[in-house]
Amino acid sequence: MYKKLLLRLSAIVLCCIFTGTALAQNRTISGTVTDAADGSPLPGVSVVVTGMSVGTTSNAKGVYTLSVPASAKTISFSYIGYTSKQMPLTADATLNVALSAANNSLQEVVVVSVGYGTLDKREVSSAITHVSSKDLLPVASNSPLMSLQGKVAGLSITNTSGADPNSSPSVQLRGVSSRNAGLGPLYVVNGVPGGNIDNINQNDIESIDVLKGGAASAIYGTRGSNGVIIITTKKGSSQARTFYEGYASFDYLTNQLQNLTPEQFIADRVKNSQGQDYGAKTNWMDAVTNSPAFAQKHTVQLSGGSGKTNYFASADYRNADGIDLRAHKKEYGARINVNHTSDNGVFVASLNIAPRYMNTKNSDQGNFNNALTLNPTYPIYDNPGRYNYINTGFFSNNPVENANVIKSEAQIKEMDLNGSLKVNILKSLSTTVTISEISKSTRSFNFTPSTLSSILHAGKITQTNFASQRQEENDQKNVEWTGNYSLNLGQHHLKALGGYSYTLYNYNTFYAQNYDFPFDSYLWNNLGSGLYNGGAAGQGQSAVSSTQNGSTLISFFGRLNYDFNNRYILTASLRREGSSKFGIKNKWGNFPAASAAWRVSEESFMKGALPWVNDLKLRADYGVTGNQDFDSYLSLLLYGGAGYFPYNGQTYQVYGPTSNVNPDLKWEKSINFNAGIDFSILDNRISGSLDYYIRKNKDLLGYYNVPLPPNSQSQTFANVGTMKNYGLELALNGSVISQPDFSYNITAALAYNRNKFISFSNDVYKGAPFVELAGLPAPGSPGNIQRIQEGRSIGEFYTLRSAGVNKDGALQVYKKDGTIVQANQASSDDKQFVGNGLPKFIGSIGNTFRYKRFDLGIFLRGTFGYKIFNTAAFYIGTPSSQSDANVLRSAYDGKSKYSLLTNSATTAIASDYFLENGSFVKIDNVALGYTQPFKTKYLKSIRIYATGRNLHTFTSFTGGDPDLVQVNGLTPGVNTSLNYYPATLQLILGLQATF
């Protein structure tokens, strides 16, 4: 009895002890979170017990209340745009905190996307450049890639018609990598390879990572040869946030080509019997120019959620005019991202939806060149309201009429969808399935009315008005399954990745056209009412056409990351990939890679000897990548129409082989080596990287001559040829001044690249030792002016070498034997290598100043060490240019060397007389902003800003803005088209508001 009573009493005492302990475990802490700069309350601040899933957020007045376990030691406070802070708990029940705005110091942890995952930048052993959203240029462009221009050493981004709202930039990483396959990098958007770069609003970008080293790119196999650009968009968090940005931009012509005024034309051309005076005074350039070109864009972003579920939603609208009369673009886009974690943390689901709709009116980029060359004494109209018929000069048409009455439009619909489910099987083991679809639908419309002056003047009764429609569908479906495992054993850290990828591409088109509609008002909406293509006139065959093709890509891949004591880092990966594009004997390929890094700064001898070195990492990587960016079915024997054959009174279409079969067709292969140094010194005030790379591209794709028979066609698409690129890249970041009220940061990027074409032949296919490129168009027969030759670089100009101008105003040149003759007495055998259009150096410097609430950014970039062929001077820059055509003012400027060429006998002969130094330095971007915080519950802050783009270009080039001459691709340094789209100075006025 006594024992039972004692046990009961003991149980009651223990229950009381445990109850008391339980009651003592939690206590309430409250306080206010404010801005350290002005004391204003911060709503939506995340307040979490450090190391626990216990948390809350501050209300509109910055006040929070939190139940804290007794075991808690500190509370963490975090807020977007502010430096996170941990505060120790004391006996007080009140804990007030002031957060400081993030100063973007170089000491912050940088998370880098490496393909199928992320790493701390300190763990990266390959050449990868990370650019955060705050570092992107504030450029009002059609593509977010233009905001990256000049920010990444070795990445060349150009747009030769930037003021056209429908234009797209050319992107090239570490030089030319192919002859006949694609030259652009692979885009990975939110983890989905092959992402649609056009369907991204720059405001939605969180970061961009550029995988330059072969070891990093090799994880993407046959699509990694030209580098990989990984774009990560913003996601939601537990902090509620509403953001708005709106801007207006104005484009003005700058650095334009200057032609003769009507008065100058009469004095210099008409009086010298090189033109006629038609009585008018027309400024054709002004007539075809829409200046200033106006654009506006508005973006609204909403984000928020809880610790388990968060969302990010964005919507944008853009309405932009081009600098020419016709170009226009109106687009609407949205992006929704939702992430959810189950209560037990086992399941993590993510969904991304991004639709976009665009309505475009395409520019006629030839109209500016028409305006440059038209006789300025021609009137625009011959009678009020009726366009003048023009049949003289270079192009024999009325550019104002073309821009106003000929229509070329498109409706574009894009949709990006991807969803993923991650299962955390164990704390160190997880698996993820991602399903995605990227689709684009384009309907193009073209219409030429029957009232066109050329049709009226010709008195046509057939083929008067014309209309067409084209429907294009692009679709890409992806399924990817990955597994991740991590293991930490003391100082040994291991991460393993394995995965499977399946991608299905599909492309189809449908085209229809007709002539002779009863009414011009039908436009392209009633093709059946036209008479010409009904078949009665014998033109039914060209009325419609259609295309369907597709391809499949299947991959297995794995990667292993190991580091010892955060000091020695090793990474190895392998991707095995197969494509339906390849020949039957080469469906599959292996793409291995390995990289290593040594963090020297973690060694004890370094810490003691050089304490001012905060971080020093040596790294090297090797990787094999591929390029399968070529058309489907090129390895197969294809059949197509081969004309028509009459038989028994009927006409039959004949089909026959149109290509040769090639079972050996495979991907182009790139063998990459990269060695680099990453460093940070002087308390992280200065940091940067230096890289040296060699890339050898083998099995280059191209068409090669083969015997007839046994082949049905004279050429076969095959893997032949070898090319090499090598270079140096330097990136620097410096915090020059860092004070509470004033700071100055500087960034610099410099890239040096050289190229050599090694061979055009192999054991099976024998090609010529050179290929002629860069053919110049009529008038005249200038021929090709560049040559790719074994042992020399891409971009080599191969023309006659100038020996000046003789007393008769004729061009003189050197023959191969060194003698000097008039250019029309030389032959093609006298051509020589006279310069290169491939830049040796591309660099940039960015300066960021902050004074209290003002911020100022000044960005300069330049391109150096190359030649440009002055196409405008060659065709319309000399007194001997085509009769009755306008010319550049330099043709009659005694200070210009082109004014000496008065003899028409050598007018159409190309030589290095027209090569000029293309080097330039550009004040590319200047942005000034002011931020005003508010203490109301409705509005947190407002920032107003003004930006100027392309403010001035320092150059000796006389052919306008040298930045308009393409330096990417196989023919750098020359514009082989007579089309001209002028450069613009852009002014942007914007407002950002955070609620």
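On a predicted model such as this, the values are computed, not experimentally measured, just so you know. (Residues numbered from 1 in each chain as written. Predicted model: local features only at pLDDT ≥ 70, side-chain atom pairs only at ≥ 80, totals over all residues. Heavy atoms only, no water.)

*Asks:* Explain the overall build of the protein here, please?
*Replies:* Secondary structure summary: the protein contains 9 helices and 53 strands in total. Each of the 995 residues in the protein was classed as buried or not, and the buried ones make up 50%. Here the analysis covers contacts within the protein between residues at least 6 apart in sequence; of these, 69% occur between residues at least 24 apart. Accessible surface computed for the protein: about 44,200 Å², of which carbon and sulfur atoms make up 57%. In the protein, 84 side chains carry a positive charge and 68 a negative one; their mean positions are 8 Å apart. (Helix = DSSP H or I, 4+ residues; strand = E, 2+ residues; numbered from the N terminus. Buried < 20%, exposed > 50% of the residue type's maximum accessible area, 1.4 Å probe, protein only. Contact = heavy atoms within 4.5 Å. Areas by Shrake-Rupley, 256 points an atom, 1.4 Å probe, with all protein chains shown as cover. Lys, Arg positive; Asp, Glu negative; His and termini not counted. Charge placed at Lys NZ, Arg CZ, Asp CG, Glu CD.)

*Asks:* For this particular structure, what's the right way to read the pairing of strand E15 (residues 205–211)?
*Replies:* With 6 of its 7 residues buried, E15 lies for the most part within the structure. In this sheet, E15 lies alongside strand E10 (residues 128–132) in antiparallel orientation, the contact comprising 5 bridges. Pairing of His-130 across the sheet is with Asp-209, part of E15. Where E15 meets strand E16 (residues 228–233), 6 bridges bridge the pair, whose relative direction is antiparallel. Pairing of Asp-209 across the sheet is with Ile-230, part of E16. (Pairing = 2+ DSSP bridges.)

*Asks:* Would you mind going over a nonpolar patch on the surface with me for this structure?
*Replies:* A cluster of nonpolar side chains, namely Tyr-568, Trp-598, Phe-605, Leu-618, Tyr-622, Phe-673, Ile-677, Leu-690, Tyr-692, Ile-694 and Leu-728, defines an oily patch on the protein surface of about 920 Å² accessible area. The set of elements that each furnish at least two residues to the nonpolar patch consists of strand E31 (613–627), strand E34 (668–681) and strand E35 (686–698). Of the residues forming the nonpolar patch, the biggest block, 3 residues, is contributed by E35. Positionally, Phe-673 belongs in strand E34. (Patch = residues over 30% accessible without salt bridge, like charges linked within 9 Å, V, L, I, M, F, W, Y side chains within 5 Å. Salt bridge = Lys/Arg side-chain N within 4 Å of Asp/Glu carboxyl O.)

*Asks:* Is there a simple way to explain the packing of aromatic side chains in this structure?
*Replies:* Under the counting rule described, the total for this entry stands at 31 aromatic pairs. Through successive ring pairs, a cluster of aromatic residues spans Phe-582, Phe-591, Phe-630, Trp-667, Tyr-703 and Phe-717. The cationic tip of Arg-787 hangs over the ring face of Tyr-798; the distance from NZ or CZ to the ring centre is 3.8 Å. (Phe/Tyr/Trp six-rings, centres within 6.5 Å; stacked < 30°, edge-to-face > 60°. Lys NZ or Arg CZ within 6 Å of the ring centre and 35° of its normal.)

*Asks:* How should the pairing of strand E5 (residues 74–78) be read in this particular structure?
*Replies:* Looking along a regular strand, one sees side chains alternate from face to face of the sheet. Buried residues dominate E5, accounting for 4 of its 5 residues. Note: strand E2 (residues 46–49) against E5, 4 bridges, orientation antiparallel. Bridging across to E5, Val-49 finds its partner in Ile-75. For E5 and strand E6 (residues 85–88), the ladder comprises 4 bridges, and the chain directions are antiparallel. Among the inter-strand pairings, Ile-75 is bridged to a residue of E6, identified as Met-87.

*Asks:* Sorry if this is basic, but what is going on with the sheet that holds strand E3 (residues 55–57) here?
*Replies:* By definition, the strands of a sheet pair up through backbone hydrogen bonds, in either a parallel or an antiparallel sense. Taken in spatial order, the 4 strands make up an open sheet running E3-E2-E5-E6, and their pairing is antiparallel. If you trace the sheet from one side to the other, it starts and ends with E3 and E6, each paired once. Each strand of the sheet is rotated relative to its neighbour by a mean of 20°, with strand direction disregarded. (Axes fitted to C-alpha atoms, helices over the stretch in contact; angles between N-to-C directions.)

*Asks:* Would you mind showing me how to read the side chain of Arg-575 here?
*Replies:* Mapped onto the fold, Arg-575 is located in strand E29 (residues 568–579). At 2.5 Å, the side chain of Arg-575 and the backbone oxygen of Ile-219 are in polar contact. Of note is the side chain of Arg-575, whose polar atom sits 3.0 Å from the side chain of Glu-577. (Polar contact = N/O pair within 3.5 Å; in protein donor to acceptor, adjacent residues only side chain to side chain.)

*Asks:* Even after reading the chapter, I still don't get the sheet that holds E16, so can you show me in this structure?
*Replies:* Spatial strand order, E10-E15-E16-E13-E14: 5 strands in an open sheet with mixed pairing. Only two strands of the sheet have a single neighbouring strand rather than two, namely E10 and strand E14 (192–193).

*Asks:* Before we go on, may I ask you to explain the side chain of Ser-363 in this structure?
*Replies:* By the element assignment, Ser-363 lies in the loop between strand E21 (347–361) and helix H5 (367–373). Residue class for Ser-363 comes out buried when judged on its relative accessible area of 14%. Engagement of the side chain of Ser-363 in a polar contact is seen with the side chain of Asp-164, the distance being 3.0 Å.

*Asks:* Just to check I follow, could you spell out the environment of Ser-237 for this structure?
*Replies:* One can find Ser-237 in the loop between E16 and strand E17 (241–253). In sequence terms Ser-237 and Ser-303 are 66 residues apart; their C-alpha atoms lie 6.9 Å from each other.

*Asks:* Hey, could you run me through the nonpolar core in this one?
*Replies:* A general feature of soluble globular proteins is that nonpolar side chains tend to end up buried together. Core analysis: the largest hydrophobic core is formed by 53 residues, its most contacted members being Trp-284, Leu-776, Ile-785, Phe-869 and Phe-914. Excluding anything up to four places from it in sequence, Ile-785 contacts Leu-773, Ala-774, Leu-776, Glu-796, Phe-797, Tyr-798, Thr-799, Phe-869, Ala-910 and Val-974. (Core = buried A, V, L, I, M, F, W, Y, C linked by side-chain atoms within 4.5 Å.)

*Asks:* Looking at this model, I keep getting lost on the pattern of salt bridges. Mind explaining?
*Replies:* Side-chain pairs of opposite charge can arise whenever the charged atoms involved come near each other. Under the criterion given, the structure shown has 31 salt bridges. Where Arg-386 meets Asp-382, a salt bridge forms, and the shortest distance between an N and an O atom there is 3.2 Å. Accessibility expressed as a relative area gives 44% for Arg-386, which makes it partly exposed. Overall, the relative accessible area of 35% leaves Asp-382 in the partly exposed class.

*Asks:* Honestly, unusual backbone geometry in this entry has me stumped. Any pointers?
*Replies:* Most peptide bonds take the trans configuration, and most residues that are not glycine carry a negative phi. Residue Pro-292 is bonded to the preceding Ser-291 through a cis peptide linkage, with omega at 0°. Residue placement: Pro-292 occurs in the loop between helix H4 (284–287) and strand E18 (293–305). The peptide bond linking Leu-708 to Pro-709 adopts the cis configuration, its omega dihedral lying at -25°. Relative to the elements of secondary structure, Pro-709 occurs in the loop between strand E36 (701–705) and strand E37 (715–719). The phi angle at Asn-684 is positive, at roughly 65°, despite the residue not being glycine. Inspection of the secondary structure assignment puts Asn-684 in the loop between E34 and E35. Of the residues examined, Asn-684 reaches a relative accessible area of 18% and is grouped as buried.

*Asks:* Got a minute to help me understand the environment of His-130 in this structure?
*Replies:* Topologically, His-130 is positioned in strand E10. Through-space distance from the C-alpha of His-130 to that of Ile-208 is 6.0 Å; in sequence the pair is 78 residues apart. Setting aside its immediate chain neighbours within four residues, His-130 contacts Val-110, Val-111, Val-112, Ser-207, Ile-208 and Asp-209. A polar side-chain atom of His-130 sits 2.6 Å from a polar atom in the side chain of Asp-209.

*Asks:* Even after reading the chapter, I still don't get the environment of Ser-659, so can you show me in this structure?
*Replies:* Tracing the sequence through the fold places Ser-659 in the loop between strand E33 (650–657) and E34. When the C-alpha atoms of Ser-659 and Phe-717 are compared, they prove to be 8.6 Å apart, with 58 residues separating the residues in sequence. Ignoring anything within four residues of it in the chain, the contact list for Ser-659 reads Leu-636, Leu-637, Leu-638, Ser-712 and Gln-713. Only 3.2 Å separates the side chain of Ser-659 from the backbone nitrogen of Leu-638, close enough to count as a polar contact.

These values are about where atoms sit, not about what they do.
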